[in-house]
Amino acid sequence: MTLTAPAELVDQLVLANRILYDQGVVDGLGHASVRHPSEPGVFLLSCNRAPALVRRRDITCYDLDGNTVSDQPERPYLERFIQAEIYRARPDVVAVVHSHSPSVIPFAITRHALKPVFHMSGFLGAGSAHFEIREAGGNTDMLIRSTYLGAALARSLGDHNCVLMRGHGSTVVGTSLAQAVYRAIYAEVNAKLQLAAQGLGPIEFLNEQEAQLSSDMNDGQMPRSWNLWVRRLGDVDLDR
């Protein structure tokens, strides 16, 4: 089976990768993906390319076992199993972003959950989940390079929107590509603010209802942020 994806969705995924780099969430590593709109068991992800350099021809279709199902000679990301197993476990998830954004790392290595400190991070209302790779695979290189480890990560994510990965980074999910990009960006922003506030005294986090109301409000404003992030990229050629 050889699959292709709608051109507009391919363009959005190329832009998502470049936005995440421009916003400082990813560097040469990290990746974003989106579920195929008509093939629920297939998702779109770049081949092994730095996010800021992803082009239209790099976008590849994969099945939920991490196998390439489109015409792509380039090698895949080692950690495509993060994406595949979350899509398998969470039918509600449409997009996934995995990153190593620096302010999130301290929370991942201390088992302190990210919690919403302001309205822009209401999606963290349930707090972040935590993944300990030693419990799943013993001593590793910290990468999710198999279906087994991907499934373990998906179980740790559960029904949360964000999972922190000790010694590694984080993964966020969304019901749209724009939402997943937004959540990856604001997980990093929230982490910076939460770290800063901890030195001042006890933090008054958003409560559950405040977080949900804020999250719903932000979802309605998503195009405004997305359009700004695209504009910041300037006049980009998505084929280069």
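- By the naming in an unreviewed UniProt entry, the protein is 4-hydroxy-3-prenylphenylpyruvate oxygenase/4-hydroxy-3-prenylbenzoate synthase, taken from Paracidovorax wautersii.

### Re the nonpolar core
Phase 1: Core analysis: the largest hydrophobic core is formed by 72 residues, its most contacted members being L20, F131 and I144.
Phase 2: Of the residues forming this core, the biggest block, 10 residues, is contributed by helix α6 (residues 177-198).
Phase 3: Sequence-distant contacts of F131, defined by excluding residues within four places in its chain, comprise A136, I144, L149, A152, L153, S156, V163, L164, M165 and R166.

### Considerations on unusual backbone geometry
Phase 1: Its identity as a non-glycine residue notwithstanding, R111 has a phi of 60 degrees, on the positive side.
Phase 2: Secondary-structure assignment places R111 in the loop between α3 (105-110) and β5 (129-131).
Phase 3: The phi dihedral of M142 is positive, around 80 degrees, even though this residue is not glycine.
Phase 4: Mapping M142 onto the fold places it in the loop between α4 (133-137) and α5 (147-157).

### Describing the packing of aromatic side chains
Phase 1: As enumerated under the stated definition, the model contains six aromatic pairs in all.
Phase 2: Where F118 meets Y186, the ring centres are 6.3 Å apart and the plane angle is 50 degrees; that geometry is what we call tilted. In this pair, F118 sits in the loop between α3 and β5 while Y186 sits in helix α6, placing the two residues 68 residues apart along the sequence.
Phase 3: Taking relative accessible area as the criterion, Y186 reaches 17% and is therefore assigned buried.
Phase 4: Taking 6.5 Å as the distance between ring centres and 40 degrees as the angle between the ring planes, the aromatic pair formed by Y182 and W229 counts as tilted. With Y182 in helix α6 and W229 in helix α8 (residues 222-232), the pair connects residues that are 47 residues apart, well separated along the chain. Summarising the burial analysis for this pair, Y182 and W229 share the class buried.

What counts and what doesn't
Starting from 1, residues in each chain are numbered consecutively following that chain's sequence as written. With pLDDT at 70 or above as the cut-off, local features in this predicted model cover only qualifying residues; side-chain atom pairs require 80 or more to be listed or tallied, and sums for whole chains, interfaces and linings still use all residues. Values reported for side chains reflect all heavy atoms of the structure, with hydrogen atoms and water molecules removed beforehand. Residue types Ala, Val, Leu, Ile, Met, Phe, Trp, Tyr and Cys, when buried and joined through side-chain atoms within 4.5 Å, form a set referred to as a nonpolar core. The buried label goes to any residue with under 20% of its type's maximum accessible area, the exposed label to any with over 50%, and the partly exposed label to all in between, with areas taken from a 1.4 Å probe on protein chains only. Helical segments are the DSSP runs of H or I of at least four residues, strand segments are the runs of E of at least two, and each set is numbered from the N terminus. Any two residues having at least one pair of non-hydrogen atoms within 4.5 Å are treated as being in contact. Any two rings among Phe, Tyr and Trp, with Trp reduced to its six-membered ring, count as a pair given centres within 6.5 Å; such a pair is stacked if its planes are under 30 degrees apart, edge-to-face if over 60, and tilted if neither.

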